[in-house]
2 protein chains.
Amino acid sequence: MANEKMVKAITSMDEDFAKWYTDIVAKAELMDYSSVKGCMIIRPYGYAIWENIQKTLDGMFKETGHENVCMPMFIPESLLQKEKDHVEGFAPEVAWVTHGGNEKLEERLCVRPTSETLFCDHYANIIQSYRDLPKLYNQWCSVVRWEKTTRPFLRSREFLWQEGHTIHATAEEAQAETVRMLETYARFAEEYLAIPVVKGVKTEKERFAGAADTYTIEALMHDGKALQSATSHYFGDGFARAFNIQFTDKDNKLAYPFQTSWGCTTRLIGAVIMTHGDNDGLVLPPAIAPIQTVLIPIAAHKEGVVEKANEVYERLCKVCRAKIDLSEQSPGWKFAEYEMKGVPLRVELGPKDIEKNQCVIVRRDNRQKYFVSLDDLESEIARLLVEVRDSMLEAARNRRDSMTYVAHDLDEMIKIADEKPGFIKAMWCGDRECEDALKEKAGVTSRCIPLEQEHIGDTCVCCGKKADKMLYWGKAY
Amino acid sequence: MANEKMVKAITSMDEDFAKWYTDIVAKAELMDYSSVKGCMIIRPYGYAIWENIQKTLDGMFKETGHENVCMPMFIPESLLQKEKDHVEGFAPEVAWVTHGGNEKLEERLCVRPTSETLFCDHYANIIQSYRDLPKLYNQWCSVVRWEKTTRPFLRSREFLWQEGHTIHATAEEAQAETVRMLETYARFAEEYLAIPVVKGVKTEKERFAGAADTYTIEALMHDGKALQSATSHYFGDGFARAFNIQFTDKDNKLAYPFQTSWGCTTRLIGAVIMTHGDNDGLVLPPAIAPIQTVLIPIAAHKEGVVEKANEVYERLCKVCRAKIDLSEQSPGWKFAEYEMKGVPLRVELGPKDIEKNQCVIVRRDNRQKYFVSLDDLESEIARLLVEVRDSMLEAARNRRDSMTYVAHDLDEMIKIADEKPGFIKAMWCGDRECEDALKEKAGVTSRCIPLEQEHIGDTCVCCGKKADKMLYWGKAY
């Protein structure tokens, strides 16, 4: 069958990891390429994953008191230029609007690459007194960065994200917010995406343009490359000074407030694919799977099968996001199709099962098969969905740990970086020169200074001088 | 008190309707002006209204089998030009991106004013057989149209909307979809926004660029001006031919599919303001109100009041979107504040109420006051929220009907248009010349040919020739 062949034709990840990845995003119908160079189309199945991510994160943000707003998508050039480091970082990679209809604009506008400048402009307008603080804002939107090389979900010229922007009366409060949101992302990654992450701080070199500190969660992909999965920035009062945002404090004095921003993107879908996927396709964590359980009738032409299947399907709908596939394709084709799409649980129901008042449940993550009495259907589905998530997280953590190495000196670092894909833990003296040298000689970048420090030595892996910081290093997306 | 004065200071709608409107959007904190000319900032309270609209409509779309997708925000110039009428309609009002970073683009891109061309480009890629049809897609995003004059929510250069795009094997199916979505919008407007609408078809002059038919729902604002509140377009196979989208039908022949698109925007928030608002501010229909019930304690310094108020608040939270205001402002200030914000129900609770095991509930829409036993709190709140919506719809419908006139000839039309703001029903022969003449002489445009026709005469209101179509005419936003 032509279709059957099509579904199966994905490159093995050992053969060509990049090809395996692009095969999955296309064949699982997550995205399509568009006529707009470097921009992609997110198809219904891919977008439904994003909607689930969005819904959960939005709930977490609202629980912590954040409110959604909507800023313009354009930034006037003069506004972008107000904060020196920020404009240096972003100006080279923005898209410029120069004409409206047939008229040339007096001032060109960039399509937002991020919205700090717009939020600051608004804050200057609405904040007068300490009573107006804090403002805990977030927005869901798309942003544009004119990247040279792009890959679906991982790096594209336009991408979907959320960007939180908060402003506080004190530095302590803003710092606490920065860490709180980092923790929110880490919890979301582990609990909902089943992706273990390292929480840490970026070195000055890797900081967000304009930030005083950038926090990050770093995940390790199947191929041993790191993926920065969300970031949280502390700005101090740098932006407030650049935009002249001032407020009257409790002592009736004018003061500058302190700011943060934090974001995550559709890149998380790439992280899910490259953390959990296998050679048969996607493997989705139940919390974000558009379909959590697919029911496939066996020998559907036999009397009573479709009827019973529909009855079971109704029951499934009450406990999870369920689908029934009554199409004319063979069960084998359907198995392959929903494996490709990463559906966590497959329920098979045939004449023999019906006779025995049972169904067969097969897990996508580890292929384990269960014969389940229909009397226990709901409780077993609920139990298995939790178990799948737990196993996926454990498997990902074990793999990550088994691909995490320690280097004590430059030779060791180069050898590991050369031979063993993964994270490398190593001490660092704090000098930018050593960071640059490691990039040049070992091809690795600093991923983060983890919040949980370990003592693995006292000297810099590069220069051999005294060092008290342990970092994660690696090749990264 | 300075604050009290600020809240009260809105222009009366009889004095200056336009000023009344902009006062409300600013003072109810729905929006703020931005440094980007013609673009606005939607503030948390305004955005929460949009989120409620979005959530409800999205649920209705999904119930009817629609799936969300995400298209790029840019359209290459060559793609925009593929359908002749479409490009003529939109090219004069798009924003053009000409540079990415420091490089001039080979082909300039417009920021989408609407996405028919992008959807067609994608359909051509994914549709081969009748088995691939229909595709029922929708996307939530913002679009840009370079308007000369702008007004918050009603007309801005960037606005939020949803755009549904569907493609079908037959003309009949696509036509049915066009009408089905019109009905969906009408139901949403009446049930959730309490806005009565006229459903109809646009004349050729008022059609969407590229459409074979445009359906519309038209609402009447407080000032007698019409507001086009949502549209649904039938495209025939025009776009399919322009983009060469073909499929193999059941007889194994190549055929062109048929398309629709339909959309509504943040303009609906403008419709809510101008349908229900009064001289004290917003009046929100409960279904989309970010806060449905606000609890204001009276004499909060007295023993037991705050405690009891918190207890009542907990109960309110279980049946509606509730807020408690324990701030130091006076009850009078709070009353004005939440009236400005259009909160449907206010619950007052003071020492005397507590003694009597009661609370006072005041409706925003008609100021009616109820003394409610705390034993009946939940059921009374639920009942009143329904009643508020029903009364609001009825009041709006009565006002609309009382502002709807009939004209039989040109003199009458001119006189009514001059003296009486509102809808004018009149017969039309179908000639574009008469339509243009009515615009020129009476200052009215055709709003729609209502689906529910009435017989009010047999001759055209303009030329006096035979006419069999009754139209709604009026001045419009």
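Residue numbers run consecutively from 1 along every chain, following the written order of its sequence. Whichever chain is written first is A, and whichever ligand is written first is 1; the rest continue in order. The predicted origin of the model limits local features to residues at a pLDDT of at least 70 and limits the giving and counting of side-chain atom pairs to 80 or more, whereas totals for whole chains, interfaces and linings rest on all residues.

**Quick look at the overall build of chain A**
Piece 1. For chain A, the helix and strand inventory stands at 15 helices and 23 strands.
Piece 2. The reference for a compact globule is 2.2 Å times residues^0.38; the radius of gyration itself is calculated from the C-alpha atoms. Scaling as 2.2 N^0.38, a compact globule of 477 residues should have a C-alpha radius of gyration of about 23 Å, and chain A matches this with 25 Å.
Piece 3. With respect to the principal axes defined by its C-alpha atoms, chain A has extents near 80 × 55 × 50 Å.
Piece 4. The exposure scheme places C-beta atoms from the backbone and then counts, for each residue, the other C-beta atoms within 10 Å of its own, assigning buried at 20 or more, exposed at 12 or fewer, and partly exposed in between. In chain A, which comprises 477 residues, the share counted as buried stands at 50%.
Piece 5. In chain A, 69% of the contacts between residues at least 6 apart in sequence involve partners at least 24 apart. Going along the chain from the N terminus, every DSSP run of H or I of four or more residues is numbered as a helix, and every run of E of two or more is numbered as a strand. What counts as a contact here is a pair of residues whose C-beta atoms, placed from the backbone, lie within 7 Å.

**Examining the environment of alanine 174 of chain B**
All names here are of chain B.
Piece 1. Relative to the assigned elements, alanine 174 resides in helix 7 (residues 171–191).
Piece 2. Residue alanine 174 is classed as buried on the basis of its C-beta count, with 22 C-beta atoms lying within 10 Å.
Piece 3. Excluding anything up to four places from it in sequence, alanine 174 contacts His168, Tyr234, Phe258, Gln259 and Thr260.

**As for the interface of chain A and chain B**
Piece 1. Counting residues at the interface gives 43 residues for chain A and 43 residues for chain B.
Piece 2. Taken together, the elements giving at least two residues each to the side of chain A that touches chain B come down to strand 2 (40–42), helix 3 (44–63), strand 3 (67–68), strand 4 (74–76), strand 5 (95–100), strand 6 (103–111), helix 6 (116–126) and strand 8 (158–168) of chain A.
Piece 3. Among the elements that make up the side of chain A that touches chain B, the one with the highest residue count is strand 5 of chain A (six residues).
Piece 4. Each residue gets one of three labels, nonpolar for Ala, Val, Leu, Ile, Met, Phe, Trp, Tyr, Cys and Pro, charged for Asp, Glu, Lys and Arg, and polar for the others, Gly among them. Residues of the side of chain A that touches chain B, tallied by class, amount to 25 nonpolar, eleven polar and seven charged.
Piece 5. Any two strands with at least two DSSP bridges between them are considered paired. Where strand 5 of chain A meets strand 5 (residues 95–100) of chain B, five bridges bridge the pair, whose relative direction is antiparallel. Across the sheet, residue glycine 100 of chain A finds its bridge partner in strand 5 of chain B, namely alanine 95 of chain B.

**A few points about the sheet that holds strand 18 (residues 358–363) of chain B**
Residues and elements named next belong to chain B.
Piece 1. Taken in spatial order, the five strands of this open sheet run 16-15-17-18-19, and their pairing is mixed. Looking at which strands have only one partner, the edges of the open sheet turn out to be strand 16 (322–324) and strand 19 (369–373). Going across the sheet, the axis of each strand differs from the next one's by a mean of 25°, ignoring polarity.
Piece 2. As paired strands, strand 15 (residues 293–297) and strand 17 (residues 345–349) are joined by five bridges and run parallel to one another. Working convention: axes come from line fits to C-alpha atoms, limited for helices to the stretch in contact. Angles between N-to-C directions cover 0 to 180 degrees.

**A look at the relation of the copies chain A and chain B**
Piece 1. The atoms used to superpose the copies are C-alpha atoms, taken from residues with pLDDT of at least 70 in both, and the fit is least squares. Expressed as a screw transformation, the operator carrying chain A onto chain B has a rotation angle of 180° and an axial translation of 0.0 Å, and the superposed copies differ by an RMSD of 0.0 Å. Such a combination of rotation and displacement between the chain copies is what one expects of a two-fold axis. Proximity to the rotation axis, assessed at the C-alpha, singles out valine 97 of chain A in chain A; its C-alpha lies 2.1 Å from the axis.
Piece 2. Both copies share a contact surface, since 100% of the interface residues of chain A are interface residues in chain B too.

**Thoughts on helix 3 (residues 44–63) of chain B**
Residue and element names in this part refer to chain B.
Piece 1. Expected helix span is taken as 1.5 Å per residue step, with the number of steps being one fewer than the number of residues. With 20 residues, helix 3 ought to run about 28 Å at 1.5 Å a step, and its terminal C-alpha atoms sit 28 Å apart, in line with that.
Piece 2. Within helix 3 the residues assigned to the buried category are Pro44, Gly46, Tyr47, Ala48, Ile49, Trp50, Ile53, Leu57 and Phe61.
Piece 3. In the stretch just after helix 3, glycine 65 is the one whose phi turns positive, near 85°.

**Considering the nonpolar core**
Piece 1. Leu193, Leu295 and Ile424 of chain A together with Leu193, Leu295 and Ile424 of chain B are the most contacted members of the largest nonpolar core, which totals 297 residues.
Piece 2. Among all residues touching leucine 193 of chain A, those that are not within four sequence positions of it are Phe188, Leu268, Ala271, Val272, Pro285 and Ile288 of chain A. Throughout this description, the term nonpolar core refers to a group of buried Ala, Val, Leu, Ile, Met, Phe, Trp, Tyr and Cys residues whose C-beta atoms join them within 7 Å.

**As for unusual backbone geometry**
Piece 1. Note that the residue after leucine 133 of chain A, namely proline 134 of chain A, is joined by a cis bond; omega there is -10°.
Piece 2. Here proline 134 of chain A lies in the loop between helix 6 and strand 7 (135–144).
Piece 3. A positive phi angle, near 70°, is found at phenylalanine 153 of chain A, a position not held by glycine.
Piece 4. Relative to the helices and strands, phenylalanine 153 of chain A is located in the loop between strand 7 and strand 8.
Piece 5. Non-glycine residue alanine 194 of chain B carries a positive phi angle of around 55°.

**Points about helix 13 (residues 377–402) of chain B**
Piece 1. Under the 1.5 Å per step criterion, the end-to-end length of helix 13 of chain B is 37 Å for 26 residues, consistent within 8% with the ideal 38 Å.
Piece 2. Along helix 13 of chain B, the positions that sit buried rather than exposed are Ile381, Leu384, Leu385, Val388, Arg389, Met392, Leu393, Ala396 and Arg400 of chain B.

**Topic: the packing of helix 10 (residues 305–319) of chain A against helix 13 (residues 377–402) of chain A**
Residue and element names in this part refer to chain A.
Piece 1. For the pair helix 10 and helix 13, interaxial distance at closest approach is 10 Å and the crossing angle is 45°. Our classification of the angle between helix 10 and helix 13 gives oblique. Taken as a pair, helix 10 and helix 13 cross one another with a handedness that is right-handed. Contacts from Val312, Arg315, Leu316 and Val319 in helix 10 reach Leu377, Glu378, Ile381 and Ala382 in helix 13.
Piece 2. Of the residues in the contact of helix 10 with helix 13, the class split is six nonpolar, no polar and two charged. For classification, angles of less than 35 degrees are called roughly parallel, those exceeding 145 degrees roughly antiparallel, those between 65 and 115 degrees roughly perpendicular, and all remaining angles oblique. By convention the crossing between two helices is left-handed if the near helix lies anticlockwise of the far one by an angle smaller than a right angle, and right-handed if it lies clockwise.

**A closer look at the environment of leucine 254 of chain B**
Residues and elements named next belong to chain B.
Piece 1. Tracing the backbone shows leucine 254 in strand 13 (residues 254–255).
Piece 2. Using a count of 8 C-beta atoms within 10 Å as the deciding quantity, one classes leucine 254 as exposed.
Piece 3. Sequence spacing of leucine 254 and proline 134 is 120 residues, and the spatial spacing of their C-alpha atoms is 16 Å.
Piece 4. Setting aside residues no more than four positions away along its own chain, leucine 254 makes contact with Gln246 and Thr248.

**Section: the sheet that holds strand 3 (residues 67–68) of chain B**
Residues and elements named next belong to chain B.
Piece 1. Sheet architecture is open: eleven strands sit in the order 3-7-8-14-11-10-9-22-23-21-20, paired in mixed fashion. Either end of the sheet is taken by a strand with one partner, and the two such strands are strand 3 and strand 20 (404–406).
Piece 2. Sheet analysis places strand 22 (residues 445–450) next to strand 23 (residues 469–474), joined by three bridges and oriented antiparallel. When the sheet's bridge partners are listed, cysteine 448 is paired in strand 23 with tyrosine 472.
Piece 3. Packing against the sheet, helix 9 (residues 267–276) makes contact with strand 10 (213–220), strand 11 (226–236) and strand 14 (258–265), and its axis sits at approximately 145° to strand 11.

**Some thoughts on the pairing of strand 8 (residues 158–168) of chain B**
Remark: a regular strand shows side chains that alternate across the two faces of the sheet.
Residue and element names in this part refer to chain B.
Piece 1. With respect to burial, strand 8 is a largely interior element, nine of its eleven residues being buried.
Piece 2. One ladder, built from ten bridges, connects strand 7 (residues 135–144) with strand 8; its direction is antiparallel. What sits directly across from glutamine 139, in strand 8, is glutamate 163.
Piece 3. Both strand 8 and strand 14 contribute to a ladder of eight bridges, which runs antiparallel. Residue pairing in the sheet places histidine 165 in a bridge with serine 261 of strand 14.

**With respect to the confidence of the model for chain A**
Piece 1. Taken as a whole, chain A shows an average pLDDT of 96; of its residues, 98% reach a score of 70 or greater.
Piece 2. Across the predicted assembly, pTM comes out at 0.96 and ipTM at 0.95. On a scale of 0 to 100, pLDDT captures the predictor's confidence in every residue.

**Some points on the domain arrangement of chain A**
Residue and element names in this part refer to chain A.
Piece 1. Domain delimitation in this document rests on an assignment produced automatically or drawn from a domain database. Segmenting chain A into domains produces domain 1 (2–276), domain 2 (291–386) and domain 3 (404–474).
Piece 2. Taking the mean C-alpha position of each, domain 1 and domain 3 sit 27 Å from one another.
Piece 3. Elements that contribute at least two residues to the side of domain 1 that touches domain 3 include exactly strand 9 (198–201) and strand 10 (213–220).
Piece 4. It is strand 9 that provides the largest number of residues to the side of domain 1 that touches domain 3, a total of four residues.
Piece 5. Here the residues of the side of domain 1 that touches domain 3 sort into four nonpolar, four polar and seven charged.

**Topic: the packing of helix 14 (residues 410–419) of chain A against helix 15 (residues 432–442) of chain A**
Residue and element names in this part refer to chain A.
Piece 1. Closest axis-to-axis distance for the helix 14/helix 15 pair is 10 Å, and the angle between their directions is 45°. Comparing their axes, helix 15 and helix 14 come out oblique. Every pair of crossing elements has a handedness; the one defined by helix 14 and helix 15 is right-handed. Mapping the contact onto sequence places Leu410, Met413, Ile414 and Ala417 in helix 14 and Leu438, Lys441 and Ala442 in helix 15.
Piece 2. When its residues are assigned to classes, the contact of helix 14 with helix 15 shows six nonpolar, no polar and one charged.

**Remarks on the environment of glutamate 419 of chain B**
Residues and elements named next belong to chain B.
Piece 1. Residue position: glutamate 419 is located in helix 14 (residues 410–419).
Piece 2. Under the C-beta neighbour-count criterion, glutamate 419 is labelled exposed, with 8 such atoms within 10 Å.
Piece 3. Residues glutamate 419 and leucine 220 lie 199 residues apart in sequence; the distance between their C-alpha atoms is 16 Å.

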